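# Observations on the model geometry
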Amino acid sequence: MLFVSYLLVSVTFLSIFFYLYKLQKTNKIVLLLPVFYNFVVLYVILGTFVFTYAIEEPFNLHDEISIAAIYEGGWIFILSALFFYFGTVLVKTNRHVASDYNTNINHQKTLIALILSVYFLYIIGYGIEGLIYRQGYIDPSFERNRSILIIFYVTSPFVTVLIPFINNMWLKYLVYLFTLLVLFSSSARFVVIVPFLYVIGTFLKTHEIQFRTLIINAFLVCVLLIFILQIRYYPFHGLIPNINSFFTKGIDVDYLFKGLNYAFSFSLFGLSYVLMNFTHDNSAFLTSINPLPSRFLDMQYMLDTQTMKPTAPMSAVSILTLAGYSVLMLFYLITGYVFSFILNRMQGITLLYYPVVGLFVLFALFSIQYNLRGLSRFFYYSILIYLFHITFKKIKI
């Protein structure tokens, strides 16, 4: 059986290099999904069968699944990535736009104001006192405005990815630091989205992978992930206590794997667990991919049917696999084609290109843990934005 482990490691390792090469050559940001999927498999298989760092995750699913199911889950991720790639190659790259168009945003003051405004929304929604100093991870004495926070979580990825488009170097780094410190004050893992989206934004601006930026921000993601998990049960939180803890107590590297395993091991083990314990429910599946608003559908039945554990839904990949390999492959072929088509047609023409990039990034990240209903929203919203774009061009508004 160890042969299968080494085969999976070899396939994913080669696949990652292949997709990165294609990403660098074609500037198709959609190729990040195949890279991401193969990295998940590489991390988990290496950490489960060659080493032992990936076994422990919050639900201890490793003890409830077979080795064969883990291998099957790994091949499913690889297959999904491959058919997504097949969908992207059906779209011919507009090489002139991809290499020559001007990525500068002329209204720099508006850009900076937009980014800061969204993060000030978070400060208002969370409460400035609670962000500076509070008792515990969540202090009940500070009331948070959930509606404002939801608006922030929905809009922040779209503006955070634009930070690299700030032309003034010092202003760019100050805005980057400000956004980082705001989320760092909350002690939430969401803080790692800032360096991650900064790398994505840099690629969108320069059309190339800047390895220095990638390495620095990858290191920052690791440090932040370790520290945020480490301080979760500290008695005091907020900007001041968190900075004090960082410089006085340092970081414990053991927490790095806890965070990574929650993201990666749980995703692959969860897929394996679903394959062993659940069967396809056609009614719930059709609800998941239905574009109608939730109030017109039986959402409760879908949620009850697609729950893996009491606090963990089935992932989109799991639900698609239960529907059959043909459905899984068709879904990724179509989404790969549509995302690639839309982004290719909008790149260098409209600023609406960037919200679609944000939706694609959320689609890629959330697909391995969140349900198919939520994932399909990102896909449909991208199509709606594109339809708005072409209508806007036709009626000359």
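One structure accompanies this document, and this report is about it. (Residues numbered from 1 in each chain as written. Predicted model: local features only at pLDDT ≥ 70, side-chain atom pairs only at ≥ 80, totals over all residues. Heavy atoms only, no water.)

## Topic: the overall build of the protein
When helices and strands are tallied, the protein shows 19 helices and four strands. Computed over its C-alpha atoms, the radius of gyration of the protein comes to 21 Å, within 12% of the 21 Å expected for a compact globule of 397 residues. Along the first, second and third principal axes, the C-alpha set of the protein runs to 55 × 55 × 45 Å. Taking the intrachain contacts of the protein between residues at least 6 apart in sequence as the baseline, contacts between residues at least 24 apart amount to 78%. Accessible area for the protein stands at about 19300 Å²; split by element, carbon and sulfur atoms hold 68% of it. Looking at charge distribution, the protein has the averaged site of its 24 positive side-chain charges lying 18 Å from that of its 15 negative ones. (Helix = DSSP H or I, 4+ residues; strand = E, 2+ residues; numbered from the N terminus. Rg over C-alpha atoms; globule rule 2.2 N^0.38 Å. Contact = heavy atoms within 4.5 Å. Areas by Shrake-Rupley, 256 points an atom, 1.4 Å probe, with all protein chains shown as cover. Lys, Arg positive; Asp, Glu negative; His and termini not counted. Charge placed at Lys NZ, Arg CZ, Asp CG, Glu CD.)

## Side note on the packing of aromatic side chains
Counted under the stated rule, the structure contains 46 aromatic pairs. Ring geometry for F165 versus Y354: centroids 5.1 Å apart, planes at 70°, classification edge-to-face. Residue F165 is found in the loop between α7 (146–160) and α8 (169–186), and its partner Y354 is found in helix α18 (residues 353–366); the two are separated by 189 residues along the sequence. One exposure class covers both F165 and Y354, and it is buried. Taking NZ or CZ as reference, K249 lies 4.3 Å from the ring centre of Y234, over its face. The positively charged end of K258 is found above the aromatic ring belonging to Y255, 4.7 Å away from the centroid. (Phe/Tyr/Trp six-rings, centres within 6.5 Å; stacked < 30°, edge-to-face > 60°. Buried < 20%, exposed > 50% of the residue type's maximum accessible area, 1.4 Å probe, protein only. Lys NZ or Arg CZ within 6 Å of the ring centre and 35° of its normal.)

## Focus on the pattern of salt bridges
Scanning the model with the defined rule gives one salt bridge in all. For E64, the salt bridge goes to K309, with nearest N and O atoms at 3.4 Å. In this pair, E64 is assigned in the loop between α2 (32–50) and α3 (67–89) and K309 in strand β3 (residues 307–309), connecting sequence segments 245 residues apart. The partly exposed category is assigned to E64, whose relative accessible area is 36%. What makes K309 buried here is its relative accessible area of 17%. (Salt bridge = Lys/Arg side-chain N within 4 Å of Asp/Glu carboxyl O.)

## A short note on the side chain of D139
Within the secondary structure, D139 sits in the loop between β1 (134–135) and α7. An unpaired buried charge is present at D139: no salt bridge exists, and R134, the closest side chain of opposite charge, is 6.7 Å distant. A polar side-chain atom of D139 sits 3.1 Å from the main-chain amide nitrogen of Q135. (Polar contact = N/O pair within 3.5 Å; in protein donor to acceptor, adjacent residues only side chain to side chain.)

## Notes on the side chain of T350
By the secondary structure assignment, T350 is in the loop between α17 (325–346) and α18. Separated by 3.1 Å, the side chain of T350 and the backbone nitrogen of L352 make a polar contact.

## Side note on α8
Its 18 residues place the ends of α8 27 Å apart at the C-alpha level, agreeing with the 26 Å of an ideal helix rising 1.5 Å per residue. Among the residues of α8, those classed as buried are K172, V175, Y176, T179, L180, V182, L183, F184, S185 and S186. (Expected span 1.5 Å × (residues − 1).)

## Some thoughts on the nonpolar core
Membership of the largest hydrophobic core comes to 116 residues, with the highest contact counts inside it found for Y37, I45, L204, Y332 and F363. In terms of residue count, α2 provides more of this core than any other element does, eleven residues in total. With near-sequence residues (within four places) excluded, Y37 lies in contact with F77, S80, A81, V317, Y332, A364, S367 and I368. (Core = buried A, V, L, I, M, F, W, Y, C linked by side-chain atoms within 4.5 Å.)

## Focus: the packing of helix α1 (residues 2–26) against α3
One way to put it is that α1 packs onto α3 with a least axis distance of 11 Å and a crossing angle of 20°. Taken together, the axis directions place α1 and α3 in an arrangement best described as roughly parallel. Judged by the sense of rotation from one axis to the other, the crossing of α1 with α3 is left-handed. Only Y71, G74, W75, I78, A81, L82 and Y85 of α3 make contact with α1, whose side of the interface consists of L2, V4, S5, L7, L8, V11, T12, F18, Y19 and K22. (Axes fitted to C-alpha atoms, helices over the stretch in contact; angles between N-to-C directions. Parallel < 35°, antiparallel > 145°, perpendicular 65-115°, else oblique. Left-handed = near helix turned anticlockwise from the far one by under 90°.)

## A few points about the packing of helix α5 (residues 108–126) against α8
Here α5 crosses α8 at 15°, and the two axes come no closer than 11 Å. By the angle between their axes, α5 is roughly parallel relative to α8. Here α5 runs over α8; the crossing is left-handed. Counting all contacts with α5, which are made through I112, I115, L116, Y119, F120, Y122, I123 and Y126, the residues of α8 involved are L171, V175, F178, T179, V182, L183 and S186. Split into classes, the residues belonging to the contact of α5 with α8 amount to 13 nonpolar, two polar and no charged. (Nonpolar A, V, L, I, M, F, W, Y, C, P; charged D, E, K, R; others polar.)

## With respect to the environment of Y21
By secondary structure assignment, the location of Y21 is in helix α1. When its relative accessible area of 47% is taken as the criterion, Y21 is described as partly exposed. Taking the C-alpha atoms as reference points, Y21 and L31, ten residues apart in sequence, are found 9.8 Å from one another.

## As for a nonpolar patch on the surface
Together, L82, F86, V89, L90 and Y337 line one region of the surface with nonpolar side chains, adding up to about 420 Å² of accessible area. The biggest single contributor to the nonpolar patch is α3, with three residues. (Patch = residues over 30% accessible without salt bridge, like charges linked within 9 Å, V, L, I, M, F, W, Y side chains within 5 Å.)

## Focus on unusual backbone geometry
The backbone of N27 sits at a positive phi, close to 60°, despite the residue not being glycine. Looking at the secondary structure, you find N27 in the loop between α1 and α2. In this structure N27 comes out as buried when scored by relative accessible area, which is 14%. With a phi angle near 50°, N60 is a residue other than glycine that sits in the positive phi range. Assignment of secondary structure puts N60 in the loop between α2 and α3.

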